[in-house]
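Commentary on secondary and tertiary structure
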Protein chains: 2
Amino acid sequence: MSNVLETVAEVAAAEDERRAANAIRALAMDAVEKAKSGHPGMPMGMADVAAVLFRQFVKFDASAPDWADRDRFVLSAGHGSMLLYALIYLLGYPGVSIDDLKNFRQLDSKTPGHPEFGHTIGVETTTGPLGQGLATAVGLAIAERLQAARFGDEIVDHRTYVIAGDGCLMEGVSHEAIDLAGHLKLGRLIVLWDDNGISIDGPTTLSTSTDQLARFAASGWHVQRVDGHAPAEIAAALAAAQQDARPSLIACRSVIGYGAPGKQGKETVHGAPLGASEIELARAELGWPYEPFEIPAETLEAWRAAGRRGESERLAWEQRLAASGKRDAFENFLKGDVSGAVAAPLRALRESFATERPKVATRKSSETVLGVINAATDATIGGSADLTHSNFTITKGLGSVSAENFAGRYIHYGVREHGMAAAMNGIALHGGFVPYGGTFLVFSDYARGAIRLSALMGQRVVYVLTHDSIGLGEDGPTHQPIEHLASLRALPNLYVFRPADAIETAESWEIALNAKTTPSVLSLSRQNLATLERPLGENLTARGAYVLREPSGGRHVTLIATGSEVQIALAAADLLWTRGVRAAVVSMPCWELFETQSPTYRASVLGSAPRVAVEAAARLGWDRWIGERGAFVGMTGFGASAPADALYARFGITAEGVAGTAQALL
Amino acid sequence: MSNVLETVAEVAAAEDERRAANAIRALAMDAVEKAKSGHPGMPMGMADVAAVLFRQFVKFDASAPDWADRDRFVLSAGHGSMLLYALIYLLGYPGVSIDDLKNFRQLDSKTPGHPEFGHTIGVETTTGPLGQGLATAVGLAIAERLQAARFGDEIVDHRTYVIAGDGCLMEGVSHEAIDLAGHLKLGRLIVLWDDNGISIDGPTTLSTSTDQLARFAASGWHVQRVDGHAPAEIAAALAAAQQDARPSLIACRSVIGYGAPGKQGKETVHGAPLGASEIELARAELGWPYEPFEIPAETLEAWRAAGRRGESERLAWEQRLAASGKRDAFENFLKGDVSGAVAAPLRALRESFATERPKVATRKSSETVLGVINAATDATIGGSADLTHSNFTITKGLGSVSAENFAGRYIHYGVREHGMAAAMNGIALHGGFVPYGGTFLVFSDYARGAIRLSALMGQRVVYVLTHDSIGLGEDGPTHQPIEHLASLRALPNLYVFRPADAIETAESWEIALNAKTTPSVLSLSRQNLATLERPLGENLTARGAYVLREPSGGRHVTLIATGSEVQIALAAADLLWTRGVRAAVVSMPCWELFETQSPTYRASVLGSAPRVAVEAAARLGWDRWIGERGAFVGMTGFGASAPADALYARFGITAEGVAGTAQALL
């Protein structure tokens, strides 16, 4: 008798599970159809997995989306955004209605084509560029352990779940991410791979033969394979993954577009509406006789109940937090406000720079500045893509982060610029921490996919990019950035600082730390630079550009320079003075900040005399500041391998070269 | 007795092998010491491997470095350049003397800090940015099979050898490369991994735990492990690798800086001179009592003999080629001259465009153009990073390249933009073929590391980058390029074409095919664009910019636009005309080519009236063309998810917006 009852209950449960998943499928196909564009295949294929995951495993409370100890969910296959939006609606996240789903991919809707952090509640990170979600999730999982090491597992103990597609696993950044995750034994990271065997061009057998389970296992992951349409198998695998101390991959063999009888399992269902007749067939196939966007009350209520499932756990957590005596510290930490802590020490440091006048590389000044910052706040998490002692990113007593030591504050990211940048995005998104990471400026190329997301998501990530010109010398053109300053300046919502000395370096760092919604690049020299003569009171770097030297008697010419070329401009001004030419010198450490200054201030800095810009980089963008009458002294092609001084001479970026250019203008 | 003789012979051979390797070590440490910078650790650690490889396995003839059927050798760990330069000198490549080694890393020397293609004889590809060599080697190995499928194994039958370091294997691009290589069963690709356990920050255990052998095996590679200081083991592994049908990885456990007793095995030996006293100790340790840069005659002669080892094989090959009846075809193919074949068909196509006036997306025009090109020449090798039917990169009858079909002409690169770009570099370097590959413009970010090398090496690689603005619409800001045109234009030696219609698309393609030492980007629209009214005779795109419409009565204003915004500029000019404002319209499909025009021509195009530029992208760089009195209509931040028209309206990139901006200027 009890067996029969169990069977009845099981059948009912299975039916309930199936209807829950079909609700996702129906919303996905309806929304894509209405939008006349989008990706129905993935949501329909992974609906069963998502239903099991959110109804049984993810720790969250839809009514409190910001609960600090919630599990994070990342849809790395971001084109399947309707999966996420359907979940957000079904689970009852506040403020997302069925009308929002009807507005999928429309202007100003809450349901853009790909999930956007800060735009839609419940979206933990922006995804779409493949592999980014997976690599960002590694950062989220690192941050969770870092936070736990500081506040204890009773307050911080959550998981990071990822749904990734074939494309995510083909992208190179996935290798960097899984290698790092395996190395750090991120056991709370669980990746569900939508193993549907289909990519845009056709079957994945067109382009890949990798045994993904073996590949992940080789990087220290726990791996399992399930039928992505068998809820019990999925649940058992998730339970096993939760128990395993290693990060977990669950390969979910799925049928893309599951439920659309004429198209499922084919690449045509990946990224285009099903069409009215196929949707009709799908409704019949799925046993879903409802109108578009209609979810029967019982199914919706079951989903809403799942959305409330974590409420008691959240309340218990809040009690634990209150009882722990750490509540204020925890909440303060999450605010991520470090400006108070660093202001006075950085001011003192600037004063000492002004007194001691160090002549060191700005990468070295940055190390000194970081020493002060890292002593003043615990929020910073440093690191480098295996160039620690070239980037000078480590300071005393930080301690290396490892699988055994998440109390550390320094991450050896390995030779993985892209993975580092994406992980830093995750660490920043997780809250509280201020991640910074180093590599050579030229290798920002490798990380651009993730740097762009730092900017798009408005995350305070600091890129310490050293060896920022031909000044790196002998390593030659493969290592000498030329176009990188321009290409980073072209990115919206990114501060690109190129400080000229120790003081500007300290100022740049202070601005970067205070910029809570803007990432920063610090472009730093390999070669030594003297400390400039200038008034100290104000953070002049915050002006973007300022007059460093104003000649008495009015300007004949204005020399504008950044970073290591400011000293060349100063020497050129000296030379010009001996030739009867009065040159002003402007230091311009941050274009983006200069653009925000008043027209009056900008005009006072730029002046009305002809202008010569000096930067050991590509000209692109400089015409904005030098105007039609101006001239540029910099690079016109790639660099070369030689000692730095020889290169500056070869390329004419010298005091004499600048002076000659200025005189030719006049 | 014979056993004794064998033993004596073996001891002598081993001693010979040891001295051969020590010659590399000595040259590396001496050159780095003299340069006062460089990387002695890797050449000293891998000297034994390199000696076995070049003295016994690589098929080459130092006296004929351009022999088409030579094996290719790629030093992916490019910082170990002294290994390669030592080999080139010791093997007797023409024109590289001991003085060149003494000039290591000096201005204009033949021995720059990292190996540079086209700069030093015997260097097959530029390396230094980690992982690039490995990924480029995959392209070399693909090209070898493509060539063999066309000319037969009796003419094309060579291997590609790679020495890669820990960093190469940590970089994400390595995953894309090895997955593709395994999938295509590139059995002639043999990678020797310098498994020294040391990276710059310290032991690799700081940042990685991946079992590399298992990882490569998961991607279908043949894997072996050897003692990197045991010549017999190395030789046996190489012999086995040659026999195996899969690509091979040989993990060579080595001691970094082998022979420097105080520093070997430590990160300090990686990237800095050993210092005089350590060099003295190393000479003693290695039994190498010679002066700096001195190679004893016997050892040098043994190396030179190895350099001549392949001469008879080369001569036999030349006889086979002559006897095959394919010599002319083969030599013509290698010239890579496709301009003759495509000129007439492309002219006819332009004429038909002018007659038929298609209103299609430029990505679609590009497909039509490619149809003509691919029919006119067999040299093109197409592909896409899994966006074939969005990039429109495939044309009729190309046939997919697979492990079973290298007669195909289309490569499904998978979701691997970086690996695709690097492979295309390899295919171009190999000679003859013209590789082109597609992805979305925004995902050029993922490939920048390799695009930069296309430009630095001067390789004719064509990047077909579609969906080139907010015009892609609903996919939203993650997929909408903003800064990409600027960042690509900032790269030296790269043509960035943004054609406005079908005719400009055909013209851009023709220039790209004829640009034998410059890679090209074709930035193509998703949305439909009308064919412009213009004279047909000249390839006007080759001018970089030209006047599309000159108003009678002289200009009040000049509107400059590219790509999909040219039609907006034309509509704005119409609007302005009705308001009594006479606007010229300039199409500017290629900045780089416009810069090379005469000042007179440029002035005639730009005119003296105020100028308004229109481009749905970042402003950076445009001030060069609009001047201080000018204005820019474009993007100031990231895009959004909505239908394209709604986005153009939202961001004010409309005829009315441009007209209003122009009127405000006047």
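Residues numbered from 1 in each chain as written. Chains lettered and ligands numbered in written order. Predicted model: local features only at pLDDT ≥ 70, side-chain atom pairs only at ≥ 80, totals over all residues. Heavy atoms only, no water.

Going by an unreviewed UniProt entry, chain A carries the name Transketolase and comes from Methylosinus sporium.

**Examining the overall build of chain A**
To keep things clear, this is the line we draw: Each helix is a run of DSSP H or I of at least 4 residues and each strand a run of E of at least 2, with the numbering of both proceeding from the N terminus. Exposure classes here rest on a 1.4 Å probe applied to the protein chains alone. A residue is buried below 20% of its type maximum, exposed above 50%, and partly exposed in between. In what follows, a contact means two residues having at least one pair of non-hydrogen atoms within 4.5 Å.
A tally of regular secondary structure across chain A gives 26 helices and 20 strands. C-alpha extents for chain A along the principal axes are approximately 105 × 55 × 45 Å. Counting over 666 residues, chain A shows a buried share of 67%. For chain A, restricting intrachain contacts to residue pairs at least 6 apart in sequence, the fraction spanning at least 24 positions comes to 78%.

**What to know about the environment of Phe117(B)**
Residues and elements named next belong to chain B. Looking at the secondary structure, you find Phe117 in the loop between helix 4 (98-102) and helix 5 (132-151). Separated by 312 residues in sequence, Phe117 and Leu429 have C-alpha atoms that sit 9.1 Å apart. Setting aside chain neighbours within four positions, we find Phe117 in contact with Val123, Glu124, Thr125, Thr126, Leu429, Met457 and Gln459.

**Description of the pattern of salt bridges**
Selection rule: The term salt bridge refers to a pairing of a side-chain nitrogen on Lys or Arg with a carboxyl oxygen on Asp or Glu at a separation within 4 Å.
Taken as a whole, this structure holds 88 salt bridges over all chains when the rule is applied. As a salt-bridge pair, Lys326(B) and Glu154(B) come within 3.0 Å of each other at their nearest N and O atoms. Placement of Lys326(B) in the loop between helix 12 (311-324) and helix 13 (327-335) and of Glu154(B) in the loop between helix 5 and strand 2 (160-164) is noted, with a sequence separation of 172 residues between them. Residue Glu154(B) is classed as partly exposed on the basis of its relative accessible area, which comes to 34%. Overlapping salt bridges, with partners in common, bring together Glu144(A), Arg145(A), Asp153(A), Asp157(A) and Arg188(A) in one network.

**What to know about helix 2 (residues 41-57) of chain B**
Residue and element names in this part refer to chain B. Note the threshold: Under the convention used throughout, the expected extent of a helix is 1.5 Å for every residue step, that is, one less than its residue count. Note on bend: the value at a residue is the angle between axes fitted to the seven residues ending there and to the seven starting there.
Look at helix 2: 24 Å from first C-alpha to last across 17 residues, which is about the 24 Å you get at 1.5 Å a residue. Along helix 2, the helix axis deviates most sharply at Ala47, where the bend reaches about 55°. Taken across its 17 residues, helix 2 has 16 buried, putting it largely inside the fold.

**Here's the deal with the relation of the copies chain A and chain B**
This is how the line gets drawn: Superposition of the copies was done by least squares, using only C-alpha atoms of residues whose pLDDT is at least 70 in both.
Aligned on chain B, chain A shows an RMSD of 0.0 Å; the corresponding rotation is 180° and the shift along the axis is 0.0 Å. The relationship between the two copies is best expressed as a two-fold rotation axis. Both copies contact each other with a shared surface, as 100% of the interface residues of chain A are interface residues in chain B too.

**So, the interface of chain A and chain B**
Operational definition: In the analysis that follows, any N or O atom pair within 3.5 Å is treated as a polar contact, provided that within protein one partner can donate a hydrogen and the other can accept it, and provided that, for residues neighboring in sequence, both atoms belong to side chains. Any residue outside Ala, Val, Leu, Ile, Met, Phe, Trp, Tyr, Cys, Pro, Asp, Glu, Lys and Arg is labelled polar, Gly included; the first ten of those are nonpolar and the last four are charged.
Between chain A and chain B, the contact holds 97 residues from the first and 98 residues from the second. Between Glu628(A) and Arg611(B) there is a salt bridge; the shortest N-O distance is 3.2 Å. In this structure, the connection of chain A to chain B is made through 61 residue pairs in polar contact (both at pLDDT 80 or more). Among the elements that take part in the side of chain A that touches chain B, helix 18 (residues 444-457) of chain A stands out by supplying eight residues, more than any other. Considering only residue class, the side of chain A that touches chain B consists of 35 nonpolar, 37 polar and 25 charged.

**Brief notes about the packing of aromatic side chains**
Our working definition: Stacked, edge-to-face and tilted labels apply to pairs of Phe, Tyr and Trp rings (six-membered ring for Trp) whose centres lie within 6.5 Å, assigned for plane angles under 30 degrees, over 60, and everything in between, in that order. Both a distance and an angle decide whether a charge sits over a ring: NZ of Lys or CZ of Arg must be within 6 Å of the ring centre and within 35 degrees of the ring normal.
The final tally for this structure, using the stated rule, is 40 aromatic pairs over all chains. Ring centres of Trp288(B) and Tyr290(B) lie 4.9 Å apart, and the angle between their planes is 85°; on these two criteria the pair is classed as edge-to-face. Accessibility expressed as a relative area gives 1% for Trp288(B), which makes it buried. By relative accessible area, which is 18% here, Tyr290(B) ends up buried. Consider the rings of Phe594(B) and Trp625(B), whose centres lie 5.2 Å apart with planes at 65°: the pair is edge-to-face. Here Trp625(B) lies in helix 24 (residues 623-626) and Phe594(B) lies in helix 22 (residues 591-595), a separation of 31 residues in the sequence. Like Phe594(B), the residue Trp625(B) is buried in the burial classification. These aromatic residues form a ring-pair network of at least three members: Trp67(A), Phe151(A), Trp317(A), Phe330(A), Phe333(A) and Phe433(A). The side chain of Arg55(A) reaches across the aromatic face of Trp303(A), ending 5.6 Å from its centre. Directly above the ring of Tyr601(B) sits Arg543(B), whose terminal nitrogen or CZ lies 4.2 Å from the centroid.

**A closer look at unusual backbone geometry**
Look at Lys185(A): it is not a glycine, yet its phi comes out positive at around 50°. With respect to the element layout, Lys185(A) can be found in the loop between helix 7 (172-183) and strand 3 (189-195). You will see that Asp386(B), though not glycine, has its phi angle at about 65°, which is positive. With respect to the helices and strands, the residue Asp386(B) is situated in the loop between strand 9 (380-384) and helix 16 (388-391). Judged by relative accessible area, which is 5%, Asp386(B) ranks as buried.

**Some thoughts on the domain arrangement of chain A**
Residue and element names in this part refer to chain A. So the rule is basically this: Where each domain starts and ends comes from a domain assignment, either automatic or drawn from a database. The term buried area refers to how much accessible surface (probe radius 1.4 Å) is lost by two components on association, counted for both of them together.
Taken as a whole, chain A is organised into domain 1 (15-318), domain 2 (338-530) and domain 3 (541-665). The straight-line distance from the C-alpha centre of domain 2 to that of domain 3 is 25 Å. Taken together, the contact between domain 2 and domain 3 spans 30 residues of the former and 34 residues of the latter. Buried area between domain 2 and domain 3, both sides added, is near 2,400 Å², and the carbon and sulfur share of it is 58%. Here domain 2 and domain 3 share two salt bridges between them. We note a salt bridge from Glu615 to Arg489, for which the minimum N-O separation is 2.8 Å. On the surface where domain 2 and domain 3 come into contact, there are 16 residue pairs in polar contact (both at pLDDT 80 or more). Broken down by secondary-structure element, the contributors of at least two residues to the side of domain 2 that touches domain 3 are helix 19 (484-489), strand 13 (495-497), helix 20 (502-514) and strand 15 (528-529).

**Considering the sheet that holds strand 17 (residues 557-561) of chain B**
All names here are of chain B. For clarity, the threshold we go by: Two strands qualify as a pair provided that DSSP identifies no fewer than 2 bridges between them. Axis definition: a line fitted to C-alpha atoms, over the contacting stretch in the case of helices. Angles run 0 to 180 degrees between N-to-C directions.
With respect to topology, five strands assemble into an open sheet ordered 16-18-17-19-20, the strand pairing being mixed. Single-partner strands in this sheet number two, and they are strand 16 (546-549) and strand 20 (631-633). For this sheet, the mean inter-axis angle between neighbouring strands, taken without regard to orientation, is 30°. Direction of pairing for strand 17 relative to strand 19 (residues 611-614): parallel, over a ladder of four bridges. The residue bridging Ala561 from the neighbouring strand is Val614, located in strand 19. Packed on one face of the sheet, helix 23 (residues 599-606) meets strand 16, strand 17, strand 18 (583-587) and strand 19 and runs near 25° to strand 16. Where helix 26 (residues 655-665) meets the sheet, it contacts strand 17, strand 19 and strand 20, and its direction lies at approximately 155° from that of strand 19.

**Digging into the UniProt feature "binding site: Mg(2+)" (unreviewed entry) in chain A**
All names here are of chain A. Going by this rule: UniProt positions are given in the numbering used here, feature names are shortened, and annotations may be inferred rather than shown by experiment.
Listed under "binding site: Mg(2+)" (unreviewed entry) in the UniProt record, and renumbered for this structure, are Asp166, Asn196 and Ile198. These annotated residues cover 33 residues of sequence, but their C-alpha atoms sit close together, with the largest distance between any two at 7.7 Å. Residue position: Asp166 is located in helix 6 (residues 166-170). Once you skip the residues sitting within four places of it in the chain, Asp166 turns out to touch Trp193, Asp194, Asp195, Asn196, Gly197, Ile198 and Thr204. Of note, Asn196 is situated in the loop between strand 3 and strand 4 (198-199).

**Looking at the packing of helix 7 of chain A against helix 7 (residues 172-183) of chain B**
The following threshold applies: Each crossing is labelled by how the near helix is turned from the far one, with a counterclockwise turn of less than a right angle marking it left-handed and a clockwise turn marking it right-handed.
The N-to-C vectors of helix 7 of chain A and helix 7 of chain B enclose an angle of 115°; their axes lie 6 Å apart at closest approach. Note on packing geometry: the crossing formed by helix 7 of chain A with helix 7 of chain B is right-handed. Two secondary-structure elements touch here, helix 7 of chain A through Gly172(A), Val173(A), Ser174(A), His175(A) and Glu176(A) and helix 7 of chain B through Gly172(B), Val173(B), Ser174(B), His175(B) and Glu176(B). Its residues placed into classes, the contact of helix 7 of chain A with helix 7 of chain B shows two nonpolar, six polar and two charged.

**Points about the sheet that holds strand 17 (residues 557-561) of chain A**
Residues and elements named next belong to chain A. With mixed pairing, the five strands of this open sheet are ordered in space as 16-18-17-19-20. Each edge of the sheet is formed by a strand with only one pairing partner; in this case those strands are strand 16 (546-549) and strand 20 (631-633). Neighbour-to-neighbour, the strand axes of this sheet turn through a mean angle of 30°, independent of strand direction. As paired elements, strand 17 and strand 18 (residues 583-587) share five bridges and run parallel to each other. Bridge assignment links Ala561 to a residue of strand 18, and that residue is Ser587. Each of strand 16, strand 17, strand 18 and strand 19 (611-614) is contacted by helix 23 (residues 599-606), which is oriented at about 25° to strand 16, the strand it contacts most. Against the sheet, helix 26 (residues 655-665) makes contact with strand 17, strand 19 and strand 20, and its axis sits at roughly 155° relative to strand 19, the strand it touches most.

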